[in-house]
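# Structural features, examined
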Amino acid sequence: MAKAPKTAITPTRADDYPEWYQQVVRAADLAEVSPVRGCMVIKPWGYAIWENMQRVLDRMFKDTGHQNAYFPLFIPLSFLEKEAQHVEGFAKECAVVTHHRLEAGPDGKLIPTGKLEEPLVVRPTSETIIGAMFAKWVQSYRDLPILINQWANVVRWELRTRLFLRTTEFLWQEGHTAHATDAEAVEETMKILDLYGTFAEQYMAMPVIRGEKTAGERFPGAVNTYSIEAMMQDRKALQAGTSHFLGQNFSRAQEIKFLNQEGKETFAWTTSWGVSTRLVGALVMTHGDDDGLVIPPRLAPQHAVILPIFRNDEERVRVLEFCDRVRRELTAQQFDGQPVRVAIDNRDLRGGEKAWQNIKKGVPLRLEIGPRDVEGDAIMVGRRDTQERHATPRAAFVAGIAAQLQQIQDNLLQRALDYRQQNTRVIDDREEFIRFFTPQNAESQEIHGGFALCHYADDPAVQKLLAELKVTIRCLPQAGQPGSDAGPGRCIFTGQPSPGRAVFAKAY
């Protein structure tokens, strides 16, 4: 019996996908659990990926007319109480500050004193506090629209946490806008949904489905919630970003009103939208393999790492001089409108150990350079996405690095698209639906299911079956999305008329 190939990560994806994910995060040195319950420490490599995501998204927001601002971390409890659905949706996740100082008790231990007149909620999201400011800023239709984005942290008290995917504190951006008409607010909502989809596909190389969520999954207080949904390698859906049309619900609660062009007082129409550090987890689960992380070049902290190989001081001098020359030539090249990012890994470690560390971190290209490479004016190139290694003349490699990085970017997107296509099924029968989402071995970490495209009518009677199968309705596809051209039919659960297909999946 042939031995299974050795991998850098154990268990493998097939053996235990949840544990594989945790091991990749650790092996890639992205983050680790902190001493604070439910929180994480994002390490430099993981934070560099998030910074690259921030850089791109921030530019996209500003290119569409949005401005950055910052609002308080603490929200008066009374602000949340103004919007009933909102407070009901977040009440169980809120962390609350009730005292403002510490004093030594009789046993010498610190105890909270100085009770606050009104408790302060640590920001779970900012609709209410930002709405209070919008109410001050908006007096006339001439003050609209207001297009604001905030880069911040939020706290949502979680019982079961997983690094990047679900933590008590996480980093995100939250956009908040106010408009004079419902049409403008709806247009903004859809514009941001498309912006998120573009970012996911063009930068993360992660194909997504854009669509509307059902009433039971809407953001608390929203009229409509839209999301981008991606298939991970365990075939579950990950919500990667949301865009909410809030109608006038929050503006009525916060009294964001203005005089329109007819001189009549009316309430503004508002939106909110956001993505978070969950995207780093999405990157791991979309592209990672059994040797670790794989990073799309457009978001990689380093496009290439140079690994010098030498046995003595004489070789060391020649090899490092050549490595530095290659680094300078590469950084003079451009990829995605920026200089190519290159580092020389000259740590005092064995070559194999350094190579595997960079493989696990997902660096797109590894450049191994030893004395023979210097003599031959060549580079041994390792591609992370395909695991191929080949010798290439130095000049040809330098001239072609931008094209090679784009090939890697395109390959990762196509690979993810193919995987989603292979695991998406049109289902028109209730029993087939049940079989699709039922594991053969419920005791194992078996990977099963995928995306099911089914005719569906939003009916409460269906929720019991979906809950038993642990299946959620991730989105109702818009035009151009998988399944959106199916046309009307009959709901596979109730037989009621259905305007189109919905996407069903097991979800995070």
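Residues numbered from 1 in each chain as written. Predicted model: local features only at pLDDT ≥ 70, side-chain atom pairs only at ≥ 80, totals over all residues. Heavy atoms only, no water.

## Quick notes on the overall build of the protein chain
What counts, and what does not: Helix and strand assignments come from DSSP, with helices taken as H or I runs of at least 4 residues and strands as E runs of at least 2, each series counted from the N terminus. In this setup the radius of gyration rests on C-alpha atoms only. A globule is expected at 2.2 Å times the number of residues raised to 0.38. Relative accessibility decides the category of a residue: with a 1.4 Å probe and only protein chains considered, values under 20% of the type maximum give buried, values over 50% give exposed, and everything between is partly exposed. A contact between two residues is defined here by any heavy atoms of the two lying within 4.5 Å. Each accessible area is a Shrake-Rupley result for a 1.4 Å probe, and residues are judged covered by the shown protein chains and nothing else.
Looking only at helices and strands, one finds 14 helices and 27 strands in the protein chain. Against the globule reference of 23 Å for 508 residues, the protein chain gives a C-alpha radius of gyration of 26 Å, in line with a compact fold. Looking at the protein chain as a whole, 51% of its 508 residues are labelled buried. A fraction of 70% describes how many contacts in the protein chain between residues 6 or more apart in sequence connect residues 24 or more apart. Just so you have it, the protein chain exposes about 23500 Å², and 50% of that area is on carbon and sulfur atoms.

## A look at the sheet that holds strand β19 (residues 365-369)
The test is simple: Only when DSSP finds a minimum of two bridges between them are two strands counted as paired. Helix axes are fitted only over the stretch in contact, all axes being lines through C-alpha atoms; the angle between N-to-C directions runs from 0 to 180 degrees.
Ordered by their spatial adjacency, five strands build an open sheet running β18-β15-β19-β20-β21, and the pairing between neighbours is mixed. Looking at strand neighbours, the two that pair on one side only are β18 (342-344) and β21 (389-393), the edges of this open sheet. Adjacent strand axes in the sheet meet at a mean angle of 25°, parallel and antiparallel pairs treated alike. In this structure, strand β15 (residues 304-308) lies alongside β19, joined through five bridges in parallel fashion. Across the sheet, residue P308 finds its bridge partner in β19, namely I369. The strands that helix α12 (residues 394-422) touches are β19, β20 (378-383) and β21; relative to β20, the one it contacts most, it runs at about 5°.

## Quick notes on empty space enclosed by the protein
Here is the rule: Within this scheme a cavity is a closed region of a 1 Å grid, computed over the protein atoms alone, that accommodates a 1.4 Å probe without allowing it to escape, whereas a pocket is open but has protein on both sides within 12 Å along at least five of seven lines; lining residues each have an atom within 4 Å of a point. Grid points are joined across faces, edges and corners, and a volume is the space filled by probe spheres set on the points. Residue polarity follows a fixed list, in which Ala, Val, Leu, Ile, Met, Phe, Trp, Tyr, Cys and Pro are nonpolar, Asp, Glu, Lys and Arg are charged, and the others, Gly among them, are polar.
Applying the stated criterion across every chain, the model contains two cavities of 30 Å³ or more. Estimated volume of the largest cavity: approximately 80 Å³. Along its surface, the largest cavity is lined by E127, I130, G131, F134, H176, T177, L246, F250, Q254, I256, T270 and T271. Contributing elements (two or more residues each) for the lining of the largest cavity: α5 (127-137), β8 (169-179), α7 (249-254) and β14 (269-276). With four residues, the top contributor of residues to the lining of the largest cavity is α5. When its volume is computed, the second largest cavity comes out at roughly 30 Å³. Lining the second largest cavity are R55, P297, R298, H303, F335, D336, Q338 and R341. Looking at the lining of the second largest cavity, its residues break down into two nonpolar, two polar and four charged.

## Re the packing of aromatic side chains
The line we're drawing: Each Phe, Tyr or Trp ring, with Trp reduced to its six-membered ring, pairs with another whose centre is within 6.5 Å; inter-plane angles below 30 degrees give stacked pairs, above 60 give edge-to-face pairs, and intermediate values give tilted ones. As a reminder, the over-ring test applies to NZ of lysine and CZ of arginine, requiring each to be within 6 Å of the ring centre and within 35 degrees of the ring normal.
Under the defined criterion, the tally for this structure stands at 16 aromatic pairs. Considering the side-chain rings of F61 and W151, the 6.3 Å spacing of their centres and the 40° angle between planes classify their relative orientation as tilted. Here F61, found in helix α2 (residues 44-63), pairs with W151, found in strand β7 (residues 146-155); they are 90 residues apart in sequence, far enough to count as distant. Accessibility expressed as a relative area gives 1% for F61, which makes it buried. According to the relative accessible area criterion, W151 is buried, its value standing at 18%. Ring geometry for F170 against W172: centres 5.9 Å apart, planes inclined by 85°, an arrangement best described as edge-to-face. W172 carries the same exposure label as F170, and that label is buried. Aromatic rings pair up to connect F433, F436, F437, Y456, F493 and F504 into one cluster. Across from the ring centre of Y508, 5.5 Å away, lies the NZ or CZ of K236, which sits over that ring.

## Quick look at the pattern of salt bridges
Threshold: The rule for a salt bridge is simple: a side-chain nitrogen of Lys or Arg has to be within 4 Å of a carboxyl oxygen of Asp or Glu.
Enumeration over the complete set of coordinates arrives at 25 salt bridges. Taking the shortest distance from any N to any O, the salt bridge between R325 and E329 comes out at 3.3 Å. You can see R325 and its partner E329 sitting in helix α9 (residues 313-331), four residues apart, about one turn around the helix. Residue classification places R325 among the partly exposed positions, given a relative accessible area of 34%.

## Concerning unusual backbone geometry
Along the chain, T10 connects to P11 via a cis peptide bond; the corresponding omega equals -5°. Following the sequence through the fold, P11 ends up in the segment before α1 (17-27). In the segment running from L144 into P145, the intervening peptide bond is cis, with an omega of 0°. One can find P145 in the loop between α5 and β7. In this model, K470 sits at a positive phi of 60°, which is unusual for a non-glycine residue.

## Brief notes about helix α6 (residues 182-202)
This is how the line gets drawn: Helices are assigned an expected span. That span is 1.5 Å times one less than the residue count.
Between the first and last C-alpha of α6 there are 30 Å, a value that for 21 residues agrees with the 30 Å anticipated at 1.5 Å per step. By the burial criterion, the buried members of α6 are A185, E188, T189, I192, L193, L195, Y196, G197, F199 and A200.

## Examining the nonpolar core
Applied cut-off: By nonpolar core is meant a set of buried Ala, Val, Leu, Ile, Met, Phe, Trp, Tyr and Cys residues that side-chain atoms within 4.5 Å join together.
Counting 54 residues, the largest nonpolar core has L30, M53 and F199 as the members making the most contacts within it. When residues of this core are traced back to their parent elements, those giving at least two are α1, α2, α6, β10 (224-231), β11 (237-247), β14, α8 (278-287) and β15. A per-element tally of this core places α2 first, with eight residues. By size, the runner-up hydrophobic cluster in this structure holds 24 residues, among which are L330, V342, F397 and L405.

## With respect to the packing of α2 against α6
Here is the rule we go by: In this scheme, a crossing is called left-handed if the near helix is turned counterclockwise away from the far one by less than a right angle; it is called right-handed if the turn is clockwise.
It is at 11 Å that the axes of α2 and α6 come closest, and there the two elements cross at 145°. Of the two elements, α2 crosses α6, and the hand of that crossing is right-handed. Across from M53, V56, L57, M60 and F61 in α2, the residues of α6 making contact are L195, Y196, T198 and F199.

## Considerations on the pairing of β14
Within β14, seven of the eight residues are buried, which leaves the element mostly enclosed by the surrounding structure. Direction of pairing for β8 relative to β14: antiparallel, over a ladder of eight bridges. Directly across from H176, in β14, lies its bridge partner S272. Where β11 meets β14, five bridges bridge the pair, whose relative direction is antiparallel. Among the inter-strand pairings, F245 is bridged to a residue of β14, identified as T271.

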